Amino acid sequence: MKPKLKKLMFGTRKSNIIVLMVGAVLYFVFPKYVVATHSMEPTIPAGSLVIALRSFFVVGEIENEDIIVFKPVEGISEYPWVHRVKATQGEVFVPFERGGRKNTDKSFELMVTNEGIMIPEGYVYQSGDSNKSYHGLANCDLISSKVLFSFKLPWK
């Protein structure tokens, strides 16, 4: 093989190392997920690709209306799921009057006020944007990343 062609195809050792390092950073810091269900429609249609930022790189606290990727939970989803945070710990929130599965975590006593429920420390109230999606309390330990942007894949 000609040296110029070889250098063009394979680069130098230094450029290969740089490409590998950049690729590793992009892979580990900015995970990609394909949204498999209709739970975030119309905001994020099923089959869309989301690019996220791993939670330990997120600056500041998770806030209401942030779109989050949650780790899989037995009995809910065997895959990561993408939902919106509706309320964070310490806030009073009025749960939705709609279909969809609701939280079944009975490991603590919910504080109910006249205005709604008090979100316990270490939890967020999360929901898909669809009227039929799962909604309820999720432990903050389940948050794996924050969605930066999404786009519909052309072949879906």
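Attention in this report is confined to the structure presented alongside it. Model, not experiment: these values are computed from the prediction.

**Some words on unusual backbone geometry**
Right, on to step 1. Geometrically, the link from E41 to P42 is a cis peptide bond, its omega value of 10° lying close to zero.
Right, on to step 2. Examined against the element boundaries, P42 turns out to sit in the loop between β1 (32-34) and β2 (48-54).
Right, on to step 3. A positive phi is found at E65, a non-glycine position, where the angle reads about 80°.
Right, on to step 4. Turning to its location among the elements, E65 is positioned in the loop between β2 and β3 (67-70).

**Side note on the environment of P95**
Right, on to step 1. Checked against the element boundaries, P95 lands in the loop between β5 (92-93) and β6 (111-112).
Right, on to step 2. Placed 30 residues apart in sequence, P95 and Y125 show a C-alpha to C-alpha distance of 8.6 Å.
Right, on to step 3. For P95, the residues in contact, after removing those within four places along its chain, are I117 and Y125.

**Topic: the side chain of H83**
Right, on to step 1. Position of H83 among the secondary structure elements: in strand β4 (residues 81-88).
Right, on to step 2. Discounting chain neighbours no more than four positions away, the residues touching H83 are S39, M40, D66, I67, I68, F70, Q126, S127, G128, S133 and Y134.

Cut-offs applied
- Residues numbered from 1 in each chain as written.
- Predicted model: local features only at pLDDT ≥ 70, side-chain atom pairs only at ≥ 80, totals over all residues.
- Heavy atoms only, no water.
- Helix = DSSP H or I, 4+ residues; strand = E, 2+ residues; numbered from the N terminus.
- Contact = heavy atoms within 4.5 Å.

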